[in-house]
Amino acid sequence: MADIKELRCPICNRTYSPLDVTYTCPQCGPVGTLEVLYNYEHLKAQLDRDELRNELQQSMWRYKSLLPIQADSFVPPLRVGMTPFYETSRVAEALQLKRVWLKDDGQNPTGSLKDRASAMVVARAMEQGIKIVSTASTGNAAAALSGVAASVGMEVVIFVPSTAPEAKIAQLLVYGATVLLVEDTYDVAFELCSEMCLKEGWYCRNTGMNPYTVEGKKTVAYEIAEQMNWTVPDVVIVGVGDGNIIAGVYKGFWDLFQLGWIERIPRLIGVQASGSSALAHAWEHNL
Ligand SMILES: *Cc1c(COP(=O)(O)O)cnc(C)c1O
Ligand SMILES: [Zn+2]
């Protein structure tokens, strides 16, 4: 294990070895999404941010020594990450801000930032010799898992609520995934997927359940910091669904701060679409 110190439950603060626990906190159950903590002091002594200049890998794997995988483990060759980072002066002007940048994760192989989490999960499944990966999703997470898994010939089972958009389901079928249409809500599809993974030994990518999705997603923050030459923006604005991406963005900057590679953690602002605003609603109503 690449220098992981422990998995920590943010609810009860218990810590676990990654060899003992695969998914959530055994004490707290499904709400106890575990955080992956490294031996930062050790990494700090070993790694030098300036050496990244010589790193040839133009993908998220340029940060392999900060990811939960062995140095010599195989990773999917499909290029995920190291996406363009544009300064968008016309947007800045329109918003009357000094400088605005756009991190274009739409350029990932299946078209979203979720490829980062899926590549991480597929790499871990391969490291452990697991042959089938699975998730429940209505959209981009399933597409990402199906696409990345297809690139290494790994089998995928996706649980989709039957309300999912047809175009998204078509994308999964194109990648060769086994798609199980669940005639019920997303929550039921999620439950079914989790149960089947435990029963069959499939590796489960479900968000909030698998502690390593955040570890894949955090690489977007590493890239932003590196692309800004280790200065960070004042504010990072992130589109939010259930909050896994913004957790990853935070974790990335937090790691870099522990290593002393950046001087502060930017302020993060989450934005939700009005039709999908569970967190904004909970925030507004103090739930
Ligand atoms: C998944 C997704 C989100 C929401 O991510 P969460 O981790 O659920 O907060 C936002 N934008 C895009 C394009 C996504 O694919
Ligand atoms: Zn716990």
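Our structure is the block above this text.
Residues numbered from 1 in each chain as written. Chains lettered and ligands numbered in written order. Predicted model: local features only at pLDDT ≥ 70, side-chain atom pairs only at ≥ 80, totals over all residues. Heavy atoms only, no water.

## Observations regarding the overall build of the chain
Then, number 1: Counting its secondary structure elements, the chain contains ten helices and eleven strands.
Then, number 2: Taken over the C-alpha trace, the chain has a radius of gyration of 19 Å; the compact-globule value for 287 residues is 19 Å, and the two agree within 12%.
Then, number 3: Seen through its principal axes, the chain has C-alpha atoms that stretch 50 × 45 × 40 Å.
Then, number 4: Counting the 287 residues in the chain, one finds 50% classified as buried.
Then, number 5: By sequence separation, contacts in the chain at least 24 residues apart represent 62% of the contacts at least 6 residues apart.
Then, number 6: With an accessible surface of roughly 14400 Å², the chain has 52% of that area assigned to carbon and sulfur atoms. (Helix = DSSP H or I, 4+ residues; strand = E, 2+ residues; numbered from the N terminus. Rg over C-alpha atoms; globule rule 2.2 N^0.38 Å. Buried < 20%, exposed > 50% of the residue type's maximum accessible area, 1.4 Å probe, protein only. Contact = heavy atoms within 4.5 Å. Areas by Shrake-Rupley, 256 points an atom, 1.4 Å probe, with all protein chains shown as cover.)

## Some remarks on the site of ligand 1
Then, number 1: Around ligand 1 sit Lys-114, Asn-140, Lys-217, Gly-239, Val-240, Gly-241, Asp-242, Gly-243, Asn-244 and Ile-245, and that is every residue in its neighbourhood.
Then, number 2: Here an oxygen atom of ligand 1 sits 2.5 Å away from a polar atom, N or O, in the side chain of Lys-114.
Then, number 3: Between ligand 1 and Asp-242 there is a distance of 2.8 Å, counted from an oxygen atom to a backbone nitrogen or oxygen.
Then, number 4: A per-class count over the shell around ligand 1 returns two nonpolar, five polar and three charged. (Near = heavy atom within 4 Å. Polar contact = N/O pair within 3.5 Å; in protein donor to acceptor, adjacent residues only side chain to side chain. Nonpolar A, V, L, I, M, F, W, Y, C, P; charged D, E, K, R; others polar.)

## Details of the coordination of the zinc ion (ligand 2)
Any two of four tetrahedral donors ideally make an angle of 109.5 degrees at the metal, while pairs among six octahedral donors ideally make 90 or 180 degrees.
Then, number 1: Protein coordination at the zinc ion (ligand 2): the donors are Cys-9 (SG), Cys-12 (SG), Cys-25 (SG) and Cys-28 (SG), at 2.2 to 2.3 Å from the metal.
Then, number 2: Angles of 107 to 112° at the metal separate the four donor atoms of the zinc ion (ligand 2), which places the site in the tetrahedral class.
Then, number 3: On the primary sequence, the residues serving as donors to the zinc ion (ligand 2) are separated as C-x2-C-x12-C-x2-C. Of the two residues, Cys-9 sits in the loop between strand S1 (4-8) and strand S2 (15-16) while Cys-25 sits in the loop between S2 and strand S3 (35-38), which places them 16 residues apart along the sequence.
Then, number 4: Cys-9 gets classed as buried once you look at its relative accessible area, which sits at 0%.
Then, number 5: Residue Cys-25 is classed as buried on the basis of its relative accessible area of 1%. (Donors = N, O, S within 2.8 Å, 3.2 Å for Na, K, Ca; no water. Tetrahedral: all angles 85-135°; square planar, octahedral: opposite > 155°, others 65-115°.)

## Describing the state of the cysteines
Then, number 1: Summed over all chains, the structure comprises zero disulfides.
Then, number 2: Cysteine Cys-193 shares no disulfide, and the gap to the nearest cysteine sulfur, in Cys-197, comes to 4.1 Å.
Then, number 3: Cys-197 supplies the cysteine sulfur nearest to Cys-204, a cysteine that is in no disulfide, at a spacing of 3.8 Å. (Disulfide = S-S within 2.5 Å.)

## Re the packing of helix H8 (residues 219-227) against helix H9 (residues 244-259)
Then, number 1: Direction vectors running N to C along H8 and H9 enclose 55°, while the axes themselves pass 6 Å from each other. By the angle between their directions, the pair H8 and H9 is classed as oblique. Pair H8 / H9 crosses with right-handed handedness. Residue-level contacts link Val-220, Ala-221, Tyr-222, Ile-224 and Ala-225 of H8 to Val-249, Gly-252, Phe-253, Asp-255 and Leu-256 of H9.
Then, number 2: Class assignment of the residues belonging to the contact of H8 with H9 gives a composition of eight nonpolar, one polar and one charged. (Axes fitted to C-alpha atoms, helices over the stretch in contact; angles between N-to-C directions. Parallel < 35°, antiparallel > 145°, perpendicular 65-115°, else oblique. Left-handed = near helix turned anticlockwise from the far one by under 90°.)

## Thoughts on the side chain of Gln-272
Then, number 1: Along the polypeptide, Gln-272 turns up in the loop between strand S11 (267-271) and helix H10 (278-284).
Then, number 2: On the basis of relative accessibility, which here comes to 18%, the residue Gln-272 falls in the buried class.
Then, number 3: From its side chain, Gln-272 meets the backbone oxygen of Val-240 in a polar contact 3.1 Å long.
Then, number 4: Once residues lying within four places of it in the same chain are set aside, the contact partners of Gln-272 are Val-240, Gly-241, Ser-277, Ala-278, Leu-279 and Ala-280.

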